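Residue strings, one per chain:
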Amino acid sequence: MMPVVAVKSNLLVLKQSSIFEKEIFKESISMLLLFALTAVIVYKMPQIIATFFIVIIVITFFRSKKDYFWLAYFFILICCPGNFFTEAQRESLYRLPVFSLGVGFTFTTHEVFMIAALVKALFSGRKYRYLLAKPLLLISFYTLFLFLVSLGIYGTSIGTLAYFLRNFLFYSCLISVPFLIKTDEDTAKFVRLPLPLIFFTFFTAVYFFITGSHFVLLFSPGSLREIYMFGHVARFGMFGGEHILVLYCFIFSLLLSLLNIRHNIYFNIVGALAYISILMTATRVWFVVFTLILMVFLVKSKRIGKVVGVLFALAVIGYGISIYSPGSSVKFQATAQRLTSIFSIREEGSQSYKMLEHKSENRLPVVLEGIKENPVLGWGFSDKAMAVMDPDVGNFSLIAQVGLVGFLCFIYFWSSYFAIIAATRRRLSRTDPFKNALSILPASFTGFLVAHFTTHQFFGLTLLAYNLFFLAIFIFLSDFFVREALKTR
């Protein structure tokens, strides 16, 4: 076998190319400027101009050869950086445009992009087979079965069916993304384009701790609800899907850092900012998930001192903020108290214990009753599913929709994912940088399952758009990095 250094993968060659670095830098700046332009148009211009702008973007996407750029832009919009474009907040006066084709036929900007991407992908002539094709096809066939049973037996209203289908169709990104991102170079660019948005997210978090108000409220007053921690201390919130964008930046910045590529410091900074940003939300489940991934990274990384140095610098910045703004010191203390309450989850009276008690007594019984009534097949896309599902009780909500049969399909999918990564890593030499880098993927997937089996449903047929799109991206990029790793053998 040839030495690993003599058969570097295309990805590593790309990352070491100064030409590639200049291209990705320019496109990253373009992405930031496009995001800023979108925000200005949506929040400061008449709605008709915003609608015209989105139409122009869609047309440009159709004609462009840089599909990776527009798919990354689409993902960023869905995730609502800085709480901008939180379409779920119906009371907001400023939203991404909604397109109507008549009564009952309205489409959000997200759905228009999704449909446009699918149409372009289907006409691209591209073919792609996932390494996880078998479990994905099995879930797809069972989903079709549940759809037919819901229509013919369970009963479902037009409104319920439309709601479920609108959500499920975001899984079409499993087709759109691999069909439109055709080359290794384009995929490498797609991986990196969302990363600079973490600087904006971190800025908005620091802004909140200093001022006590979300940055987006300067543009859209009253569009976000206030959330509080113990002691009525205001809490920094990531509405929409911003936490998913932070999760994406965290995972792939650490993975790229482990590949021994140039500009490693940049990826360490992105990872550190992502970790600090999620801590500032005081969200316990994400604190556990991110810390799990970070621990694996620190074990595998040969640059622990560099990472610790970045985190220490950020801690110093935080200390400086608390001195400059005394009010922020109270928020830091309340945030730390809420996060560390996870370690006292068994103690009655602790914040974590009260949270679990509330869910088990007030939310879980409805879901369990739904499971009891139909434990084998689940309620699919029916009105009953709409009535009993609750994403805040994690895996119980999945079982309520897909039953034990569907749950077994997901177990097959989860186990297949771990098996593919493990088999790939076993085939790599100890000196291959991919051996360590690929460890971030199962660590992340384990984190998803931790969230899913506790308080946050991460897997399902009908989740929020940003969750489904992230899962599609994660599956595709996992596929990509595994294939790249095998090229080094």
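Right above here is the structure, for reference.
Let us look at the structure shown here. Every chain is numbered independently, its residues counted from 1 as its sequence is written. The predicted origin of the model limits local features to residues at a pLDDT of at least 70 and limits the giving and counting of side-chain atom pairs to 80 or more, whereas totals for whole chains, interfaces and linings rest on all residues. Each side-chain value is worked out from all heavy atoms of the structure, with water and hydrogens disregarded.

Moving on to the overall build of the chain. Helix numbering and strand numbering both begin at the N terminus, where a helix is a DSSP run of H or I of at least 4 residues and a strand a DSSP run of E of at least 2. The secondary structure content of the chain amounts to 22 helices and two strands. In this scheme, a residue with accessible area under 20% of its type's maximum is buried, one over 50% is exposed, and one in between is partly exposed, where area comes from a 1.4 Å probe on protein chains only. Sorting the 489 residues of the chain into buried and exposed places 57% on the buried side. By the convention used here, residues are in contact when the closest approach between their heavy atoms is within 4.5 Å. For the chain, long-range pairs separated by at least 24 residues make up 79% of all intrachain contacts whose partners lie at least 6 apart in sequence. Accessible surface area values rest on a Shrake-Rupley calculation with a 1.4 Å probe, where residue burial reflects the displayed protein chains alone. In the structure as shown, the chain presents an accessible area of about 21,200 Å², 68% of it carried by carbon and sulfur atoms.

Any Phe, Tyr or Trp ring, taking Trp's six-membered ring, that has another such ring centre within 6.5 Å forms a pair; planes under 30 degrees apart are called stacked, those over 60 apart edge-to-face, and the others tilted. Tallying each qualifying case throughout the model produces 64 aromatic pairs. Taking the centre distance of 4.8 Å and the plane angle of 25° together, the rings of Phe-250 and Phe-290 count as stacked. Residue Phe-250 is located in helix H11 (residues 242–257), and its partner Phe-290 is located in helix H13 (residues 284–300); the two are separated by 40 residues in the primary sequence. Of the two residues, Phe-250 and Phe-290, neither departs from the other in class, the shared state being buried. Over the aromatic face of Phe-107 sits the side chain of Arg-166, whose NZ or CZ is 5.6 Å from the ring centroid. Whether a charge lies above a ring is judged from NZ of Lys or CZ of Arg, which has to be within 6 Å of the ring centre and within 35 degrees of the ring normal.

The next point concerns helix H7 (residues 158–168). All of the buried residues in H7 are Thr-160, Leu-161, Phe-164 and Asn-167. Buried residues in H7, looked at end-on, bunch into an arc of 135°, giving them a common side. Among the structural elements, helix H6 (133–154), helix H18 (383–388), helix H19 (395–426) and helix H22 (465–486) are those in contact with the buried residues of H7. This arc is built from the directions going out from the helix axis to the C-beta atoms.

Turning to its location among the elements, Thr-201 is positioned in helix H10 (residues 197–211). Within the structure, the side chain of Thr-201 is placed 2.8 Å from the side chain of Glu-242, a separation counted as a polar contact. Setting aside residues no more than four positions away along its own chain, Thr-201 makes contact with Gly-82, Met-238, Glu-242, Val-246 and Ser-277. Any pair of nitrogen or oxygen atoms within 3.5 Å is treated as a polar contact; in protein, a donor-acceptor pairing is required on top of that, and neighbouring residues in sequence qualify only through side-chain atoms on both sides.

Here the focus is helix H8 (residues 173–180). Where burial is concerned, most of H8 is hidden: seven out of the eight residues are buried. Of the positions making up H8, those classed as buried are Cys-173, Leu-174, Ser-176, Val-177, Pro-178, Phe-179 and Leu-180.

So, about the pattern of salt bridges. Salt bridge, as used here: a side-chain nitrogen of Lys or Arg that lies within 4 Å of a carboxyl oxygen of Asp or Glu. Going through the model one piece at a time under the given rule, you end up with twelve salt bridges. With its nearest N and O atoms 3.5 Å apart, the salt bridge here joins Glu-185 to Lys-189. Taken together, the positions of Glu-185 and Lys-189, both in helix H9 (residues 184–192) and four residues apart, correspond to about one turn of that helix. When the shortest N-O distance is used, the salt bridge between Asp-392 and Arg-363 registers 3.0 Å. Residue Asp-392 is located in the loop between H18 and H19, and its partner Arg-363 is located in the loop between helix H16 (351–362) and helix H17 (364–373); the two are separated by 29 residues in the primary sequence.

Bringing a nonpolar patch on the surface into the picture now. Each patch is built from salt-bridge-free residues with over 30% relative accessible area, joining like charges within 9 Å and nonpolar side chains (Val, Leu, Ile, Met, Phe, Trp, Tyr) within 5 Å. A surface patch of nonpolar side chains, amounting to about 580 Å² of accessible area, comprises Phe-62, Ile-115, Val-119, Leu-122, Phe-123 and Ile-175. Counting residues per element, the nonpolar patch draws most heavily on helix H5 (residues 109–122), at three residues. Here Val-119 lies in helix H5. With relative accessibility at 34%, the residue Val-119 sits in the partly exposed group.

Summarising the element assignment, Leu-398 is placed in helix H19. The spatial distance from the C-alpha of Leu-398 to the C-alpha of Phe-410 is 9.6 Å, given a sequence separation of twelve residues.

All right, on to the nonpolar core then. What is meant by a nonpolar core is a set of buried Ala, Val, Leu, Ile, Met, Phe, Trp, Tyr and Cys residues, joined one to another through side-chain atoms within 4.5 Å. Residues Leu-247, Tyr-248, Phe-252, Phe-459, Phe-470 and Phe-481 are the most contacted members of the largest nonpolar core, which totals 156 residues. It is H22 that provides the largest number of residues to this core, a total of 16 residues. Contacts of Phe-252, omitting those with residues within four sequence positions, involve Val-191, Leu-441, Phe-474, Leu-477 and Phe-481.

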